[in-house]
Amino acid sequence: LLQTSTMARNGIAKGKNSGHVTEQRERAVRPSRSKGKLGKRTALCREIAREVAGLSPYERRILDMIKTGGSSADKRVYKYAKRRLGSHKRAVAKREDIKAVNSKMRAKQAGA
């Protein structure tokens, strides 16, 4: 059985908090815990690539679907993205990404 870090041991051989009394150490965060986290450099590179290259054809189609809208636009966009990207998680992320691009474009138009 694993003992949780919140329970202090009481020095008695039997019982719930049994065991030798020791001081609980702070454990260093393992590098594997930060795996997959978006770094500043990667974010900047992706932003520049998006600026230079623009949207791919399927992303433009998603953007068009969002713009034309309708009541079931979200679902249609999701289904299309899922067919293109292969997984639920990627499709939802792409939909939100393109929505952000759309809102950014609209804000730019309103400001200029």
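The rules we used
Residues numbered from 1 in each chain as written. Predicted model: local features only at pLDDT ≥ 70, side-chain atom pairs only at ≥ 80, totals over all residues. Heavy atoms only, no water. Patch = residues over 30% accessible without salt bridge, like charges linked within 9 Å, V, L, I, M, F, W, Y side chains within 5 Å. Areas by Shrake-Rupley, 256 points an atom, 1.4 Å probe, with all protein chains shown as cover. Salt bridge = Lys/Arg side-chain N within 4 Å of Asp/Glu carboxyl O. Lys, Arg positive; Asp, Glu negative; His and termini not counted. Charge placed at Lys NZ, Arg CZ, Asp CG, Glu CD. Helix = DSSP H or I, 4+ residues; strand = E, 2+ residues; numbered from the N terminus. Contact = heavy atoms within 4.5 Å. Expected span 1.5 Å × (residues − 1). Core = buried A, V, L, I, M, F, W, Y, C linked by side-chain atoms within 4.5 Å. Buried < 20%, exposed > 50% of the residue type's maximum accessible area, 1.4 Å probe, protein only.

(A) Inspection of a positive patch on the surface at higher detail. A cluster of basic residues, Arg25, Arg27, Arg30 and Arg33, forms a positive patch at the surface. Here Arg25 lies in the segment before helix H1 (40-53).

(B) Here's a closer look at a nonpolar patch on the surface. On the surface, a nonpolar cluster with roughly 310 Å² of combined accessible area is contributed by Leu44, Ile48 and Val52. As for its position among the elements, Leu44 is in helix H1.

(C) Expanded view of the side chain of Asn102. Following the sequence through the fold, Asn102 ends up in helix H4 (residues 88-111). Not counting residues within four places of it along the chain, the set of residues in contact with Asn102 comprises Leu63, Ile66 and Lys67.

(D) Here's a closer look at H1. Compared with an ideal rise of 1.5 Å per residue, which puts 14 residues at 20 Å, H1 spans 20 Å between its outermost C-alpha atoms and is within 8% of the ideal. Of the residues trailing H1, Gly54 is marked for its positive phi of about 75°.

(E) Examining the nonpolar core more closely. Core analysis: the largest hydrophobic core is formed by twelve residues, namely Leu55, Tyr58, Ile62, Leu63, Met65, Ile66, Val77, Tyr78, Tyr80, Ala81, Ala91 and Ile98. Apart from residues lying up to four places away in sequence, Leu55 is in contact with Arg50, Arg60, Leu63 and Ile98.

(F) Structural context of the environment of Ile98. With respect to the secondary-structure elements, Ile98 resides in helix H4. Residue class for Ile98 comes out buried when judged on its relative accessible area of 0%. As for Ile98 and Ile62, which are separated by 36 residues in sequence, their C-alpha atoms are 7.3 Å apart. Excluding anything up to four places from it in sequence, Ile98 contacts Leu55, Glu59, Ile62, Leu63 and Ile66.

(G) View of H4. Taking 1.5 Å of rise per residue, 24 residues should cover 34 Å, and H4 covers 35 Å from first to last C-alpha, within 8% of that figure. Within H4, the full set of buried residues consists of Ala91, Lys94, Arg95, Ile98, Val101 and Asn102.

(H) How the structure looks around the pattern of salt bridges. On inspection of all chains with the given rule, the structure shows five salt bridges. In this structure, Asp74 engages Lys99 in a salt bridge whose closest nitrogen and oxygen atoms are separated by 3.0 Å. Taken as a pair, Asp74 in helix H3 (residues 73-85) and Lys99 in helix H4 lie far apart in primary sequence, 25 residues in all. For Asp74, a relative accessible area of 35% translates into the label partly exposed. Several salt bridges converge on common partners, so that one network encompasses Arg50, Glu59, Lys94 and Asp97.

(I) Up close: the side chain of Lys94. Among the secondary structure elements, Lys94 is positioned in helix H4. The buried category is assigned to Lys94, whose relative accessible area is 15%. Not counting the four nearest positions on each side in its chain, Lys94 is found in contact with Arg50, Tyr58, Glu59, Ile62 and Leu85.

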